[in-house]
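# Residue-level structure breakdown
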Amino acid sequence: GFMTYRLSRCDFNSTELKDIRFTDSYYYNMIEIIRFDSNVGTFVGFTDFGVKTAEAWNNIPARLATMRAQKGTYCKPNIDVRYHNL
């Protein structure tokens, strides 16, 4: 058998956008094949399939815009709630 999964993560030192890093990784059989990192701003592939997929996804402006916005739309609201409750 095999297993595919996706892991989205927000790392932060404060609630300021500049201190937030969003990563979105895709795995196949426990090997990371592709990742979006907000510090890089594009998808990066780690396997042959991942490299080809990253090239294709990086050529879709709307997909990149959506991923780049995740720091503000996905991470920031959740971090604000969690950070202030600590």
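Note on numbering: residues in each chain are counted from 1, in written sequence order. With pLDDT at 70 or above as the cut-off, local features in this predicted model cover only qualifying residues; side-chain atom pairs require 80 or more to be listed or tallied, and sums for whole chains, interfaces and linings still use all residues. Computation of side-chain values: all heavy atoms of the structure, hydrogens and water removed.

## Structural notes on the pairing of strand 2 (residues 20–28)
Only protein chains enter the accessibility calculation, which uses a 1.4 Å probe; a residue whose area is less than 20% of its type maximum is buried, one above 50% is exposed, and one in between is partly exposed. Helix numbering and strand numbering both begin at the N terminus, where a helix is a DSSP run of H or I of at least 4 residues and a strand a DSSP run of E of at least 2. Among the nine residues of strand 2, seven are classified as buried, and the element is accordingly described as predominantly covered. Each pair of strands is called paired provided DSSP finds at least two bridges between the two strands. Of the strand pairs in this sheet, strand 2 and strand 3 (residues 31–37) are connected by six bridges, and their pairing is antiparallel. If you follow Asp-24 over to strand 3, its bridge partner there is Phe-36. From the end of strand 2 to the start of strand 3, which pair antiparallel, there are two residues, and Asn-29 there has a positive phi angle of about 50 degrees.

## As for the UniProt feature "domain: MHC class II beta chain N-terminal" (unreviewed entry) in the protein
UniProt positions are given in the numbering used here, feature names are shortened, and annotations may be inferred rather than shown by experiment. Under the UniProt annotation, "domain: MHC class II beta chain N-terminal" (unreviewed entry) lies at residues 8–83. Here residues 8–83 runs as 45% helix and 32% strand, with 18 Å between its end C-alpha atoms.

## Focus on the sheet that holds strand 1 (residues 4–12)
On the basis of which strands lie adjacent, the open sheet formed by four strands has the order 1-2-3-4 and antiparallel pairing. Both edges of this open sheet fall to strand 1 and strand 4 (43–45), since each of them pairs with a single strand only. The mean inter-strand angle of the sheet, taken between neighbouring strand axes irrespective of direction, is 20 degrees. On the sheet, helix 1 (residues 48–58) packs against strand 2, strand 3 and strand 4 and is oriented at approximately 160 degrees with respect to strand 4. Angular values range over 0 to 180 degrees, each being the angle between N-to-C directions of two axes fitted as lines to C-alpha atoms, with helices fitted over their stretch in contact. Contacts between residues were defined by any pair of non-hydrogen atoms, one from each residue, lying within 4.5 Å.

## Let's talk about the packing of aromatic side chains
Two descriptors summarise a pair of aromatic rings, namely the distance from one centre to the other and the angle between the planes of the rings. In this analysis, rings of Phe, Tyr and Trp, with Trp reduced to its six-membered ring, are considered paired at centre separations within 6.5 Å, and the interplanar angle assigns stacked below 30 degrees, edge-to-face beyond 60, and tilted for intermediate values. What the rule picks out here adds up to six aromatic pairs. Put simply, the rings of Phe-22, Tyr-26, Phe-36, Phe-43, Trp-57 and Tyr-74 touch in pairs and so form one group of aromatic residues. As a reminder, the over-ring test applies to NZ of lysine and CZ of arginine, requiring each to be within 6 Å of the ring centre and within 35 degrees of the ring normal. Cation over ring: Arg-63 sits above Trp-57, and NZ or CZ is 3.8 Å from the ring centre.

## Observations concerning the nonpolar core
Where a protein is soluble and globular, its nonpolar side chains tend to be buried together. Residues grouped as a nonpolar core are buried Ala, Val, Leu, Ile, Met, Phe, Trp, Tyr and Cys residues, joined through side-chain atoms within 4.5 Å. Within the largest apolar cluster, 13 residues are counted, with the highest numbers of intra-cluster contacts made by Tyr-26, Ile-34, Phe-36 and Phe-43. The leading source of residues in this core is helix 2 (residues 61–85), at four residues. In contact with Phe-36, not counting residues within four places along its chain, are Phe-22, Thr-23, Asp-24, Gly-41, Thr-42, Phe-43, Leu-64, Met-67 and Arg-68.

## Let's talk about helix 1
For helix 1, the complete set of buried residues consists of Gly-50, Thr-53, Ala-54 and Trp-57. In a view along the axis of helix 1, the buried residues occupy a sector of 105 degrees, so they form one face of it. Facing away from the buried surface of helix 1 by more than 90 degrees, the exposed residues are Asp-48 and Lys-52. In this description, one arc is meant: the one made by directions from the helix axis to the C-beta atoms.

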